[in-house]
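# Tertiary structure, described
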Amino acid sequence: MGSYGQTIFGLTGRMTIAFFTELRILSRLINNTAYWTFVAPFIQKRFRVKQSISEIVKVGYNSIPIVCVISFFLGLILALQAAYQLRRFGAMIYVANLVGVSITRELGPIITAIIASGRSGSAFAAEIGSMKAAEEVDALIGMGINPVSYLVVPKLIAMIIMMPALTIFADCVGILGGTILSVTLLEIQPNAYLNQTINALLVRDVVTGLIKAVAFGISITIVGVYQGFKVTAGAEEVGMRTTASVVSSIFMIILLDLFFTVLFYFLT
Amino acid sequence: MENAINISHLDTHYGNYKVLKDITVSIPRGKTTVILGGSGCGKSTLLKHLIGLLRPTNGTILINDKDITLMNEFQLNDIRRHIGILFQGAALLNSMTIADNVALPLKEHTRLNPETINIMVRMKLDLVGLSGFDHFFPAQLSGGMKKRAGIARAMALDPELLFFDEPSAGLDPVTAAGIDDLILRLKSVFKMTITVITHELPSVFMIADYVIMLEKGEMLFAGTLDELKASSHPAIRRFLERKPDTAAVSPDDYFDIIAGRI
Ligand SMILES: Nc1ncnc2c1ncn2[C@@H]1O[C@H](COP(=O)(O)OP(=O)(O)OP(=O)(O)O)[C@@H](O)[C@H]1O
Ligand SMILES: [Mg+2]
């Protein structure tokens, strides 16, 4: 009996300690990242422009095709689904409202974020993880270069800039997809559809979507680099951490989405 | 003799495993100190403590009379700018060329213009016999060439203190002699304080002014090269005469070892 009790208490204790250790490491990482991104560059008058641009190309520019293709199809699907409901009421023109609002408020940001966590978040984890495994991070520290400043800051800046930009692409292409489907299959007048969309969309729908996109970008970066820095040994662990980064950043995206949706529901 | 580094009562653990045990030793300024010891005795670990990469469980490390074990990351970075280190695995950044690797400390810590940096990089690469390889990536180099590129990077900022972890392991005797020669020149021309971990006896006799020997994480010997040669300690004699450790295990113990009971 005693040994069972010991096992249970021991396990609980170890798990609690492990949890708080992780939490401490994570909060230190967030703290350092914030300092090296928003404070240190202004003190030292040193901005990582070149590196940030190269990250912008990697996480942003190179993602444009996939973001466009997926959101185009999403627009098509959404329009059809909306039509399936609305045709019973003979209110086909409201397809425009449904597509426009759900893409800008919800699906544009979230699809972009899920693509980014699969493409960029995993790449962050893999890059930093393999650098950790090859002692390259130690080498940076040994040269007096802060790894957060050198590795994380350009990625974070790129994500903060490019996530909203990609989301705008996703919004536009998604609405285009909806328009094309409505004009062809549903035989709605193009002018009428576009007018309806413009009337339906409020600036705040788009803006709340973009705010979400920034938050998703930050969380994808933090999760990816956190998993990368956790690597201690070989290539196998790099693979494991990369997978973990995708899974946990998608989870974080959904949590954040819930939070913001509730927040905006009551605010707007 | 003035000391650049004073280590006292240094204890350190990896998890529960005690790697370094009560190390007290000094590294003299302007001299070449060689650290000797069997594989796995904690030499690389000691070196990582000297740049603040690992924190000891106990003890102090004074570099230029300042205790680095008490420093925060910013103070450490100031110290690290005056230190060049070659890791045992060279630890070049695989995503950039050799030239960019050597240029990295210069770009990060100075505001020199790109042309000046280029010239300095070529000088350092030439010093280690790698001119013409600027645009190679680490993956395109042999093990010995990586080591030499690592040496060039360690020297990029003309540091006061240089730490080399097995600079000539995996090099042919001629290139290895070239590295020894380079170390001698750095000492005599630039008055650098150089600490070298090595297993190569010829190179020990060539470059060492001062020798530190560790065994299983404990201090075994610290003194000048002549004192080392004159020492009669059996472990030191075994090392110098390249004899295997004759304290063989008894047949019963051996059986326990292969049966996995120890
Ligand atoms: N990251 C680590 N985690 C756990 N143990 C480690 C770690 N690095 C080294 N060790 C252990 O510490 C001991 C000393 O390792 P270290 O690398 O300092 O040896 P060394 O003297 O440099 O050996 P070599 O001459 O083979 O390079 C070894 O027993 C090793 O198993
Ligand atoms: Mg070693």
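Residues numbered from 1 in each chain as written. Chains lettered and ligands numbered in written order. Predicted model: local features only at pLDDT ≥ 70, side-chain atom pairs only at ≥ 80, totals over all residues. Heavy atoms only, no water.

## Remarks on the overall build of chain A
Note the threshold: In DSSP terms, a helix is any run of H or I states spanning at least four residues, a strand is any run of E spanning at least two, and both are numbered starting from the N terminus. Exposed residues in this analysis have more than 50% of their type's maximum accessible area, buried residues have under 20%, and partly exposed residues fall in between, with area computed by a 1.4 Å probe over protein chains only. Only the protein chains shown count as cover for residues, with accessible areas throughout obtained via the Shrake-Rupley method and a probe of 1.4 Å. Counting rule for charge: Lys and Arg are taken as positive, Asp and Glu as negative, and neither His nor the chain ends is counted. Working definition for charges: the position is that of NZ of Lys, CZ of Arg, CG of Asp or CD of Glu.
Helices and strands together make up the secondary structure of chain A, namely nine helices and zero strands. Along the chain direction, N to C, the helices and strands of chain A fall in the order α-α-α-α-α-α-α-α-α. Split into buried and exposed, the 268 residues of chain A put 46% on the buried side. Looking at chain A as shown, the accessible area adds up to about 13600 Å², and 72% of this sits on carbon and sulfur atoms. Positive and negative side-chain charges in chain A, numbering 18 and 13 respectively, have mean positions lying 6 Å apart.

## Quick word on the site of ligand 1
Residue and element names in this part refer to chain B. Note the threshold: For this description, a residue counts as near a given molecule or strand if any of its non-hydrogen atoms is within 4 Å of it. Counted as a polar contact is a pair of N or O atoms within 3.5 Å, where, for protein atoms, one must be capable of donating a hydrogen and the other of accepting one, and residues adjacent in sequence contribute only when both atoms are in side chains.
Around ligand 1, 14 residues are found, and the nearest of them are Ser39, Lys43, Ser44, Thr45 and Gln88. The backbone of glycine 42 places a nitrogen or oxygen atom 3.0 Å from an oxygen atom of ligand 1. Glutamate 166 places a side-chain nitrogen or oxygen 3.4 Å from an oxygen atom of ligand 1. In isolation ligand 1 exposes 640 Å². Once the protein is present, 62% of that is buried.

## Quick word on the packing of helix H3 (residues 64-86) of chain A against helix H4 (residues 95-133) of chain A
Residues and elements named next belong to chain A. What counts here: Fitting a line to C-alpha atoms yields each axis, with helices limited to the stretch in contact; the angle taken between N-to-C directions then spans 0 to 180 degrees. Left-handed describes a crossing in which the near helix is turned anticlockwise from the far one by less than a right angle; the clockwise case is right-handed. For this analysis, residues touch if any pair of their heavy atoms sits within 4.5 Å. Any residue that is not Ala, Val, Leu, Ile, Met, Phe, Trp, Tyr, Cys, Pro, Asp, Glu, Lys or Arg is counted as polar, Gly included; the first ten are nonpolar and the last four charged.
Packing of H3 against H4 leaves a shortest axis separation of 9 Å and a crossing angle of 145 degrees. Crossing angle aside, the handedness with which H3 passes H4 is right-handed. Contact residues: Ile66, Val67, Ile70, Leu74, Gly75, Leu78, Ala79, Ala82, Ala83 and Leu86 in H3; Val95, Leu98, Val99, Ser102, Ile103, Leu107, Ile111, Thr112, Ile115 and Arg119 in H4. Partitioned by chemical class, the residues of the contact of H3 with H4 number 16 nonpolar, three polar and one charged.

## A word on the interface of chain B and chain A
Rule in force here: Basic side-chain nitrogens of Lys or Arg form a salt bridge, by our definition, when they fall within 4 Å of a carboxyl oxygen of Asp or Glu.
On the chain A side, the residues contacting the 23 residues of chain B number 19 residues. Connecting chain B to chain A are two salt bridges. In this structure, the connection of chain B to chain A is made through nine residue pairs in polar contact (both at pLDDT 80 or more). Going through the elements one at a time, helix H2 (73-80) and helix H3 (98-109) of chain B are the ones with two or more residues in the side of chain B that touches chain A.

## Some details on a nonpolar patch on the surface
Rules: Within this analysis, patches are made of residues with over 30% relative accessible area and no salt bridge. Like charges are joined at 9 Å or less; nonpolar side chains (Val, Leu, Ile, Met, Phe, Trp, Tyr) at 5 Å or less.
Taken together, the side chains of Phe42, Phe47, Val49, Ile53, Val57 and Tyr61 of chain A make up a nonpolar region of the molecular surface, amounting to roughly 630 Å² of accessible area. A per-element tally of the nonpolar patch places helix H2 (residues 49-59) of chain A first, with three residues.

## Side note on the coordination of the magnesium ion (ligand 2)
Residues and elements named next belong to chain B. To be explicit about the condition: For Na, K and Ca the donor cut-off is 3.2 Å, and for all other metals it is 2.8 Å, counting N, O and S atoms only; because water is absent from this set, sites may look incomplete.
Donor atoms from the polypeptide that bind the magnesium ion (ligand 2) are Ser44 (OG) and Gln88 (OE1), placed at 1.9 to 2.2 Å. One end of the pair, serine 44, is in helix H1 (residues 43-50); the other, glutamine 88, is in the loop between strand S6 (83-86) and H3, with 44 residues separating them in the sequence. For serine 44, a relative accessible area of 22% corresponds to the partly exposed category. By relative accessible area, glutamine 88 is classed as partly exposed at 36%.

## Structural notes on the side chain of serine 219 of chain A
Residue and element names in this part refer to chain A. By the element assignment, serine 219 lies in helix H8 (residues 203-230). Look at serine 219 and you get buried, because its relative accessible area is 9%. Sequence-distant contacts of serine 219, defined by excluding residues within four places in its chain, comprise Met252 and Leu256.

## Describing the packing of H3 of chain B against helix H5 (residues 143-154) of chain B
All names here are of chain B. Put simply, the rule reads: Should an angle lie under 35 degrees it is considered roughly parallel, over 145 roughly antiparallel, and from 65 to 115 roughly perpendicular; all remaining angles are considered oblique.
Following both chains from N to C, one finds H3 and H5 inclined at 25 degrees, their axes separated by 8 Å at the closest point. Here H3 is positioned roughly parallel relative to H5, judged by the angle of their axes. Here H3 runs over H5; the crossing is right-handed. For the pair H3 and H5, contact is made by Ile98, Asn101, Val102 and Pro105 and by Ala149, Ala152 and Arg153, respectively. The class makeup of the residues in the contact of H3 with H5 is five nonpolar, one polar and one charged.

## A short note on the pairing of strand S9 (residues 210-215) of chain B
All names here are of chain B. Put simply, the rule is: Two strands qualify as a pair provided that DSSP identifies no fewer than 2 bridges between them.
The element S9 is extensively covered by neighbouring structure, given that five of its six residues are classed as buried. Sheet topology note: the strand S3 (residues 32-37)/S9 ladder contains five bridges and is parallel. Bridging across to S9, glycine 37 finds its partner in leucine 214. Relative to strand S10 (residues 218-224), S9 runs antiparallel, the two sharing six bridges. Among the inter-strand pairings, glutamate 215 is bridged to a residue of S10, identified as glutamate 218. Linking S9 back to S10 in an antiparallel pair, the connection comprises two residues, with lysine 216 at a positive phi of about 45 degrees.

## What about the domain arrangement of chain A?
Residue and element names in this part refer to chain A. Using the following cut-off: All domain edges in this entry derive from an automatic or database-based domain assignment. By buried area we mean how much accessible surface two parts lose on assembly, using a 1.4 Å probe and totalling the loss over both.
Under the domain assignment, chain A is made up of domain 1 (1-46) and domain 2 (47-267). Computed from C-alpha atoms alone, the centre-to-centre distance between domain 1 and domain 2 is 27 Å. Contacts between the two partners involve 14 residues from domain 1, matched on the other side by 15 residues from domain 2. Together domain 1 and domain 2 conceal approximately 1200 Å² of surface at their shared face, both sides included; 79% is due to carbon and sulfur atoms. Contact with domain 2 buries area across many residues of domain 1, yet Leu29, Thr33 and Trp36 alone supply 42% of it, more than any other trio. Counting across the interface, domain 1 meets domain 2 through one salt bridge. Among the salt bridges present, the one from glutamate 22 reaches lysine 230, with a minimum N-O distance of 3.2 Å. Run the count over domain 1 and domain 2 and you get two residue pairs in polar contact (both at pLDDT 80 or more). A breakdown of the residues in the side of domain 1 that touches domain 2 according to their chemical character gives eight nonpolar, three polar and three charged.

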